[in-house]
Amino acid sequence: MLLSHKDEEEEESQSMTDHTKDSEEPSFKRVKPVTKSNSLTGVITPVKTPALKRIGQSISRSISFRTEARPLPPAPLRSRSKASSFPRRRSSQCWSDTVESHDLTAKEIKRQEVIYELTQGERQLIEDLSLVKKVYYEPMLKLDILTESELGQIFGTLDSLIPLHEDLLSRLERLRGSEKTVGEIGPTLLYWFPCLEAYVTYCCNQVGAKALLDQKKTEKRVEHFLRLCQESSFSRKLDLWNFLDLPRSRLVKYPLLLKEIQKCTPSEHPDEDSLPDALEMIQSIVAEVNKKTGEAECQFYRRGLNYLEEGQRLPEIQQSRFLYCHGELKNNKGQRLHVFLFELALVLTRPGEDKDGGQTFSIYRQPLPNNLLNLEEIPDGEAGGGGAFRGAFTGGNDKVKNCFRVSSRGRSKANSYSLQANDSFSKQQWITCLRQAMVQSRDRNAHAGQSQFPSYADPTLCHIADLSLTSDSEMDVQTLSG
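Attention here is on the structure that accompanies the text. All values derive from a computational prediction rather than experimental measurement. (Residues numbered from 1 in each chain as written. Predicted model: local features only at pLDDT ≥ 70, side-chain atom pairs only at ≥ 80, totals over all residues. Heavy atoms only, no water.)

### Remarks on helix 11 (residues 254-263)
Given 3.6 residues to a turn, an α-helix orients residues that are three or four positions apart in the same direction.
So, point 1. Counting buried residues in helix 11 gives seven out of ten residues, a clear majority hidden from the surface.
So, point 2. The set of residues buried in helix 11 consists of Y254, P255, L256, L257, L258, E260 and I261. (Buried < 20%, exposed > 50% of the residue type's maximum accessible area, 1.4 Å probe, protein only. Helix = DSSP H or I, 4+ residues; strand = E, 2+ residues; numbered from the N terminus.)

### Some points on the packing of helix 3 (residues 106-142) against helix 11
So, point 1. Where helix 3 contacts helix 11, the axes come no closer than 8 Å and their chain directions differ by 160°. The angle between helix 3 and helix 11 falls in the class roughly antiparallel. Viewed along their axes, helix 3 and helix 11 form a crossing whose handedness is left-handed. Of helix 11, the residues touching helix 3 (which contributes K107, K110, R111, V114, I115, E117, L118 and E122) are Y254, L257, E260, I261 and K263.
So, point 2. Across the contact of helix 3 with helix 11, the residue classes tally to six nonpolar, no polar and seven charged. (Axes fitted to C-alpha atoms, helices over the stretch in contact; angles between N-to-C directions. Parallel < 35°, antiparallel > 145°, perpendicular 65-115°, else oblique. Left-handed = near helix turned anticlockwise from the far one by under 90°. Contact = heavy atoms within 4.5 Å. Nonpolar A, V, L, I, M, F, W, Y, C, P; charged D, E, K, R; others polar.)

### Some points on the packing of aromatic side chains
So, point 1. Counting across every chain of the model gives eleven aromatic pairs.
So, point 2. With a centroid separation of 5.2 Å and 90° between ring planes, the pair formed by Y137 and F155 is classed as edge-to-face. One end of the pair, Y137, is in helix 3; the other, F155, is in helix 4 (residues 148-155), with 18 residues separating them in the sequence.
So, point 3. For F155, a relative accessible area of 5% translates into the label buried.
So, point 4. Seen in terms of ring centroids, F340 and F342 are 5.7 Å apart; in terms of plane orientation they differ by 25°. Their pairing is stacked. (Phe/Tyr/Trp six-rings, centres within 6.5 Å; stacked < 30°, edge-to-face > 60°.)

### Things to note about the pairing of strand 5 (residues 336-342)
Look at any regular strand and the pattern is simple: side chains alternate between the two faces of the sheet.
So, point 1. Burial runs high along strand 5: six of the seven residues are buried.
So, point 2. Two elements, strand 4 (residues 323-330) and strand 5, share seven bridges in a ladder whose sense is antiparallel. Following the sheet pairing, K330 is matched in strand 5 by R336.
So, point 3. Connecting the antiparallel pair strand 4 and strand 5 is a turn made up of five residues, with G334 showing a positive phi of about 85°.
So, point 4. In this structure, strand 5 lies alongside strand 6 (residues 345-353), joined through four bridges in antiparallel fashion. Paired with L341 across the strands is L346, a residue of strand 6.
So, point 5. Between strand 5 and the antiparallel strand that follows it, strand 6, lie two residues. (Pairing = 2+ DSSP bridges.)

### Observations regarding the pattern of salt bridges
Two side chains of opposite charge can pair, provided their charged atoms sit close to one another.
So, point 1. All told, the structure shown has 21 salt bridges when counted by the stated rule.
So, point 2. R321 is the salt-bridge partner of E343, the closest N and O atoms lying 3.2 Å from each other. Residue E343 is located in the loop between strand 5 and strand 6, and its partner R321 is located in the loop between helix 13 (315-319) and strand 4; the two are separated by 22 residues in the primary sequence.
So, point 3. Judged by relative accessible area, which is 2%, E343 ranks as buried.
So, point 4. The class for R321 is partly exposed, based on a relative accessible area of 26%.
So, point 5. For R336, the salt bridge is made with E328, and the minimal N-O distance between the two is 2.5 Å.
So, point 6. The exposure class assigned to E328 is partly exposed, which follows from its relative accessible area of 28%.
So, point 7. Residues joined by salt bridges that share partners form a network here, namely E108, R111 and D271. (Salt bridge = Lys/Arg side-chain N within 4 Å of Asp/Glu carboxyl O.)

### Remarks on the pairing of strand 10 (residues 403-408)
So, point 1. For strand 10, the tally of buried residues reaches six of six residues, placing the bulk of the element in the interior.
So, point 2. Pairing analysis gives six bridges linking strand 9 (residues 373-378) to strand 10, with the strands arranged antiparallel. Counted as the bridge partner of L373 is S408 from strand 10.
So, point 3. Sheet topology places strand 10 next to strand 11 (residues 416-420); five bridges connect them, and they run antiparallel. What sits directly across from R405, in strand 11, is S418.

### Quick word on the nonpolar core
So, point 1. Grouped together as the largest cluster of nonpolar side chains are 59 residues, with contacts concentrated most on Y136, I185, F193, L196, L244, Y254 and I282.
So, point 2. Apart from residues no more than four positions distant in its own chain, Y136 is found in contact with L131, F155, F225, L226, C229, Q230, F234, S235, L238, D239, L240 and F243.
So, point 3. The next biggest cluster of nonpolar side chains, apart from the first, holds 23 residues, and it includes C325, L348, L373 and I431. (Core = buried A, V, L, I, M, F, W, Y, C linked by side-chain atoms within 4.5 Å.)

### Focus on the packing of helix 3 against helix 8 (residues 220-231)
So, point 1. Packing of helix 3 against helix 8 brings their axes to within 11 Å, and their N-to-C directions diverge by 150°. As the angle between them shows, helix 3 and helix 8 are arranged roughly antiparallel. The chirality of how helix 3 crosses helix 8 is right-handed. Contacts from V135, Y136, P139 and M140 in helix 3 reach V222, F225, L226, C229 and Q230 in helix 8.

Bear in mind that shape data such as this cannot, by itself, settle questions of function.
Following this line, the structure appears as structure tokens:
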């Protein structure tokens, strides 16, 4: 699977109107993009309501945002003698359901709906994070399913995020007047948003947390406990990682919510000046979290590389600060490889495990610097690499599909690798990433020739925060099957 970096804002904006389902293969979102289901206020059962409520429900559907990770396929539930106190589904409610009547324009109603969505999202996040602590962390520690150190690595600073969101929820609820409407919200958000800098630590930890959680899932006691939790009604079919990834998913929604509020705010409103400042602030915070998380992810996977020859240690690998993408591809012998496209180098590896059960990646053949890469797309049906290539990729029965070739130029020893993605979509995402990496790497070198200081591509353009934070247990953000 290949991680992606498609612009998450485009994906989330699309979800506001279409409620698109998550694909089986995570898309190049920005990463894991990261993973998600429809917002609770976006799933509204049609009922006969007064005109105001009908308008409100329609608006709520159009502006809702996904705040939860995508549920896993249903698993059979154990029969229970006592019903769980946790609801299997949350009730769907929009702002219009909370008021009897109001003399508001359609635009102002929409504004109130977005603010209500923001408020409800905070409440639901607090409930979920509190549930994770009570139902997962504390029992696993008490039953010695995981050590305190392991739980600390997996859960990170999650516990410290709860008071932050409780504070915002309290402030938002105080803004509601006797008529249950919110007037000025900009100053409150400007005051509170700096608290979200705490997300840098939490999100940077998620890369290693996901890897450790996947490793521990192979242990029988851990797998059994997590499966029982997922089958219970309180989980809503979400696994532990879905819950742990909710804060990151919530973070990237704040800019979208603010844009909607700003769109519905009339001129000469008290928020007219403060909302643009608040939007600029949260976008800056999200960009910083993206950048730091990308750097942490890059360092994590660099540490896991196992060099078989000293000549494989390209300086470009160590100089890379982020990953464009990574995932599984096949070579022309049909062998499964895990391929990393770092900022400055393409690295093919064979995945394995160390003595502690952690995942390692042994370098396969010679890594290729991005500025020396040649990329060739192999049309479906062409053998490209001869009979062995065709036989390995297709079993000798069908046409070769979803293949491309990368090679190096300008060095004494030429290297060429023919690779196959899982499907046409994954192939196109790899090709897009490779082209971007080649262009930016060559631009960097060209600029370095004019200055003694190297110029790096802006890593925030790649939206790295989503890359390896997906809830898919087979891959670490954002991944696509390769």
